[in-house]
Amino acid sequence: MSPNDRLSRELTFTATYRAYQHEHPALREAMCLRAQFPATLAEIEEHDRFAGRLAHALVGVSPDEWGPTAFGYYCQSKEIEQELQAHERDAAQRRAIADMLAFWQGEDTSSKLRAAFPSHMARHLPSDNWMADSGIAFPLYRMTGGTIDFGKLMALGVPGLFEEVERQRNSAAANGGDVRLYDGMKIALEVFVEVCKHYAAQARTLAATRPARLELLGIAQSLDSIAQSKPQTLREARQLFWLYALVADVRNYGRMDVYLGDFYARDLDRGVLTEDEALALMQALWRLMAARNTRVHGRVIIGGKGRPHEANADRFALLAMEATRTVHAIEPQLSLRFYRGMNPALMEKALTVIGEGRTFPMLYNDDVNVPAVMKAFCLEHAEAEQYVPYGCGEYIIEHRSFGTPSGVINLLKALEVTLHNGVDPLTGKRMGLALGAFKDFKSFDELWRAYQKQVEFFVELMADHEALEYKIAGEAAPFLYMSMLYDDCLSRGKGVFSGGIKYLGGTLETYGNTNTADSLTAIKELVYDKKVLSPEQVLAALDANFEGFAQQRRLLLNAPKYGNDDERADGMLLQVHDHVCNFVRRQADRVGLHSYLVVVINNSANTLMGHQTAASADGRLAGEPMANGNAPSGGSDRKGATAFLNSIVKPRPSIHAGAVQNMKFSRELFANGRTKLRALLDTYFAKGGAQAMITVVNRKELEAALLEPEKYQHLFVRVGGFSARFVELARDVQLEILSRTLYA
């Protein structure tokens, strides 16, 4: 490709957007989709059994996130500037690219959101880069986590969906509705059919040059079929599912055993497929998902309550787990929902796969989660049964709700700034509310109330940001592919973020929960109850990063810690948890959302945000990682697995939208102590354990992988809400994972 061709897709997309800039948002998006596809699709590769790969463009439209600060209509300007520097171009194209960058600087959706910030929000949320800057709370410029009705897509097919859009358009025309929304949807479906034809032609061309690849003709036939009728076989259903997910840019795949289980059972029973052939197709799909490389997405849900044809779904679920066992990849993030009375073969298979070091499936306890979702989201039981974890583990209701995590709050930083009367000790700049000096708080209750005010101030800002982000997103685009398969959007004649969706909610990621609680426990015990340390001594030790304060740090480290079934420490964690979760929940009505909930799902940002957080009163050094999710700080759970599990079941799951429960067990325990392990997990779940993300490793292997990474490509670990090859993680993240207690 010549340099002058390298950004041609981006220039064409920009020209199309400009031509339709002032048209109806649905028409503008539809024409931009026509410019985007099939131009941004990659070719079928050597061993593919389904068509569908992305060749990402640096300018486009998506209902999900592209990069750290891009959603909706996005322009990844830094990458484009790097491309400009890397290759020579003629003067005319350089001018065109410069003009494109200038245009998107004010027109991309993230820029419009930032420009809409009221002055007080802009003043207190100044950064676009929460990973690099010191701060208490940060907005995330993203809409993420859409999970559409793939079952409806399978039942109707593209032609049936087109007919439904046409019926709704006729109804809108008769009743004064927005017919142009439906016109945009029809164009989008035409684009999808063109994508099918594009790949079918490509498959036939490849088949002519590679006669040994007989499956290429099968790919072409499947594409021809789904372009003109609803799917009849598992192969066709999977091709339709995958291609629609790519073109819609939906990155989480919902209850796959529900919408594909009947196809699988029917094909097996009729002899259309053998079990080996079905597994080979599933493995091929898994590899495509891995190649998509969404990192924190790629959720596939199996099992659980509320499945209409459970026996067929169970057969598919077992197949999915076998594919995960045999395809060594970090996507898809297979997740098993289970409950008392479910087919026991599913849990046995799950433990076998996990025991081989796969980190999947993640385990979700419906007996706890369904009632919790009912209360947290204010739903009836039947709708709560349709909860699905997406991304790092946030809960939404499949094709009924949306809950993008578009903000983060560092609770430990909030405490740190409160102890310094509103000043960030790392920068010396005022960051938060000035609520008094540490020495002036005469009781722990006074300190606690000041901390609460600090957190609440920033939570309100983040809730305001969430509502504003939905408003801007809804004005920018109806997100046609997603809106066609979200409940109520078609009947209401509105886009997903413009009043179409049934339950529009949001989530706030909290970090530092455990360290905040442990710090408050230490302060309460040593400063206010026992009066062993003064506020001035504690602050001096923290500000010196404990240099010269070894005795004081030892006292803080030895204070009670969460994760040991200690009522003092665990009680403080509950106090921190209940406060932030309940205050966040109360924002929903104020800002006009169906729900606004905390998620304690932490990815590697617990390490990254730790870099911007000073030493803390739990004994943690400045810059060190914070604890991950609803877990103890690394190595602080010292009383065994039972005490650890007793602690982590205590925070209520009914006041948030998901929490990460990371656990590390030895290979020996899975291999030789299966009965003990099963008893341990059964007791944990019976006592209220909502979820388990299990990493099965050998500590010596992890340590060896630090020294010789090339020999340990096979090691997979749970980081937070996602999995990764251990050797591909940043060094500080590797060390944080290594610090977590390994139970043998």
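As the structure is a computational prediction, the values presented were derived from the model and not from experiment. (Residues numbered from 1 in each chain as written. Predicted model: local features only at pLDDT ≥ 70, side-chain atom pairs only at ≥ 80, totals over all residues. Heavy atoms only, no water.)

(A) Up close: the sheet that holds strand β7 (residues 333–338). In spatial order, the strands read β6-β7-β8-β17-β16-β20; together these six strands make up an open sheet with mixed pairing. Edge positions in the sheet fall to β6 (299–303) and β20 (742–743), since each of these pairs with one other strand and no more. Pairing of strand β16 (residues 662–666) with β20, which is carried by two bridges, proceeds in the parallel orientation. Counted as the bridge partner of Phe665 is Tyr743 from β20. Against the sheet, helix α14 (residues 344–355) makes contact with β6, β7, β8 (362–365) and β17 (691–697), and its axis sits at roughly 145° relative to β7, the strand it touches most. (Pairing = 2+ DSSP bridges. Helix = DSSP H or I, 4+ residues; strand = E, 2+ residues; numbered from the N terminus. Contact = heavy atoms within 4.5 Å. Axes fitted to C-alpha atoms, helices over the stretch in contact; angles between N-to-C directions.)

(B) Representation of the packing of aromatic side chains within the structure. All chains considered together, the criterion is met by 29 aromatic pairs. Each ring, one from Tyr684 and one from Phe685, has its centre 4.9 Å from the other, and the planes form 50°; the classification is tilted. Each of the two residues, Tyr684 as well as Phe685, counts as buried. Each member of the aromatic cluster is reached from another via a ring pair, and the members are Phe13, Tyr17, Tyr73, Phe103 and Trp104. In this arrangement the basic side chain of Arg266 is found over the ring face of Phe263, its NZ or CZ atom lying 5.1 Å from the centre. (Phe/Tyr/Trp six-rings, centres within 6.5 Å; stacked < 30°, edge-to-face > 60°. Buried < 20%, exposed > 50% of the residue type's maximum accessible area, 1.4 Å probe, protein only. Lys NZ or Arg CZ within 6 Å of the ring centre and 35° of its normal.)

(C) Geometry of the pattern of salt bridges. Taken as a whole and judged by the stated rule, the model has 53 salt bridges. In this structure, Glu356 engages Arg325 in a salt bridge whose closest nitrogen and oxygen atoms are separated by 3.5 Å. Taken together, the residues Glu356 in the loop between α14 and β8 and Arg325 in helix α13 (residues 310–326) connect sequence positions 31 residues apart. Residue classification places Glu356 among the partly exposed positions, given a relative accessible area of 36%. (Salt bridge = Lys/Arg side-chain N within 4 Å of Asp/Glu carboxyl O.)

(D) Spotlight on the packing of helix α17 (residues 411–419) against helix α22 (residues 513–529). Two elements in contact, α17 and α22, have axes separated by 7 Å at closest approach and are oriented at 35°. Packed against α17, whose contacting residues are Leu411, Leu412, Leu415 and Leu419, the element α22 presents Asn513, Asn515, Thr516, Ser519, Leu520 and Ile523 at the interface. When grouped by side-chain class, the residues that make up the contact of α17 with α22 number six nonpolar, four polar and no charged. (Nonpolar A, V, L, I, M, F, W, Y, C, P; charged D, E, K, R; others polar.)

(E) A look at the side chain of His399. You can see His399 is positioned in the loop between β10 (394–397) and β11 (401–402). For His399, a relative accessible area of 11% translates into the label buried. The contacts of His399, once residues within four sequence positions are left out, are Thr147, Ile148, Asp149, Leu485, Tyr486 and Asp487.

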